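An overview of the molecular structure
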Amino acid sequence: MTKPIILVVGARPNFMKIAPIYAELKSRNQALILLHTGQHYDDNMSKVFFDDLGMPKPDIYMGIGSGSHAYQTGTVMIEFEKICQEKDPSMVVVVGDVNSTVACTIVCAKMGIPCAHVEAGLRSFDRDMPEEINRVVTDSISNYFFTTSDTANRNLLDSGIEKDNIFFVGNTMIDSLLKNKPRFIKPIIWKKEDLENKGYVVMTLHRPSNVDNAEKLKVLIDEITTECGACKVIFPVHPRTRITLDKIESLPSNIIFVDSMPYLEFNYLVQHSLGVITDSGGITEETTVLGVPCITLRNSTERPETVTFGTNVLVGDDKDDLIYNLREMLSGSWKESSIPPLWDGASGKRIVECLQNIMFIKEDDKQF
């Protein structure tokens, strides 16, 4: 019996990254197990994304849920080890940088199961970001590395990874974006708020440094909405951010709060916006390909190509820089941009071709 490949997802960003790989492997009749750890368990953060991306119900749903980093990582490790013992996979593919990613990679390393990391080599060099710890640990013990940029390649080489195990394949998030772009759906809020093309700004915030302190979050919102004036700010609210927003008594009238949105609706909103203000790395990739101006409220990024090639600008905590770039965005003046190499919609195919070559070689060596 052919051993299966386990594809691991745990949180909202993972789904867009794994969908092209799943589809390509399925088309080649590869034995597969789609495993969802349940790190994101809210329907708006999880189920609707499977529906939007045309992915089936996961073969295994672990239902880990929320908790501290230690709880999520440890619980996923315990449960994933049991699954690996039962299913005996030929390989495990992990994506991104969430707690589920690092947890499953550690289990593979301990059990001697080959593990491939999709989106390997990303570095913000900011150890205060939990995701950065996850990236460094995952890359230190994975076996194969699929990268989105030349910068990621260099980061891996500089850390001692063998060149033969690094594969520059492009960005599977962009595969999902380009495939689904014709299917984007106008959200209900469009008519409700009388929105117009290029007539509003989208904002998303979820990082602890931006949203955990109510006073800081209020100051940030006030600065942005004051500068935007009559231009509406549409704010799909992450569950973490909602907790802090509920503590703020008075908020500006030109900011519109909505629940986290399905993938097809959110990207319709982004595509037709004047610009995006965010602290999400993944969104900066999507805005780059959609050609939408993007201001990132972080001091560093693990995706520098969104700045050097793309539409993204880092402003961090610099109020003057934020205001300057907001004015550029609102006036329709923005820097020239282009799409990074291999962000062309074919990354999933390249990854699967690499996986098949890796497995064939391993079988020949009788190590697989």
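So, here is what we can say about the structure in this document. (Residues numbered from 1 in each chain as written. Predicted model: local features only at pLDDT ≥ 70, side-chain atom pairs only at ≥ 80, totals over all residues. Heavy atoms only, no water.)

Some thoughts on the overall build of the chain
When you go through the chain residue by residue, the secondary structure sums to 16 helices and 13 strands. Relative to the 2.2 N^0.38 estimate, which gives 21 Å for 368 residues, the radius of gyration of the chain is 20 Å and therefore close to what a compact globule would have. By its C-alpha atoms, the chain is 65 × 40 × 35 Å across when sized along the principal axes. Put simply, the chain has 368 residues, and 58% of those count as buried. (Helix = DSSP H or I, 4+ residues; strand = E, 2+ residues; numbered from the N terminus. Rg over C-alpha atoms; globule rule 2.2 N^0.38 Å. Buried < 20%, exposed > 50% of the residue type's maximum accessible area, 1.4 Å probe, protein only.)

Focus on the sheet that holds strand β10 (residues 255-259)
Backbone hydrogen bonds hold the strands of a sheet together, and the pairing may be parallel or antiparallel. Strand order in the open sheet formed by 6 strands is β10-β9-β8-β11-β12-β13, with parallel pairing between adjacent strands. In this open sheet, the two edge strands, each paired with only one partner strand, are β10 and β13 (312-314). Taken pair by pair, the neighbouring strands of this sheet meet at an average axis angle of 20°, ignoring direction. When strand β11 (residues 275-278) meets strand β12 (residues 294-296), the two strands line up parallel, connected through 3 bridges. Along β12, the bridge assignment pairs Val276 with Cys294. Seen against the sheet, helix α12 (residues 263-271) touches β8 (200-204), β9 (232-237) and β11 and runs at an angle of roughly 130° to β8. Helix α15 (residues 319-330) rests against β8, β11, β12 and β13 of the sheet, and its axis sits at about 170° to β12. (Pairing = 2+ DSSP bridges. Axes fitted to C-alpha atoms, helices over the stretch in contact; angles between N-to-C directions. Contact = heavy atoms within 4.5 Å.)

Some remarks on the pattern of salt bridges
Opposite charge on two side chains permits pairing when their charged atoms draw close. Per the counting criterion, the structure on display carries 23 salt bridges. Measuring nitrogen to oxygen at the nearest pair gives 3.5 Å for the salt bridge that ties Asp88 to Lys3. Of this pair, Asp88 sits in the loop between α3 (69-87) and β4 (91-95) while Lys3 sits in the segment before β1 (5-9); the two residues are 85 residues apart in sequence, bridging distant segments of the chain. The class for Lys3 is partly exposed, based on a relative accessible area of 37%. In this structure, Arg154 engages Asp150 in a salt bridge whose closest nitrogen and oxygen atoms are separated by 2.4 Å. Of the two residues, Arg154 and Asp150 both sit in helix α6 (residues 150-158), 4 residues apart, roughly one turn of that helix. Judged by its relative accessible area of 42%, Arg154 falls in the partly exposed class. Here Asp150 falls in the partly exposed class, since its relative accessible area comes to 43%. One salt-bridge network, in which partners are shared between bridges, spans Lys17, Asp97, Glu119, Glu132, Arg135, Glu285, Arg298, Glu302 and Arg303. (Salt bridge = Lys/Arg side-chain N within 4 Å of Asp/Glu carboxyl O.)

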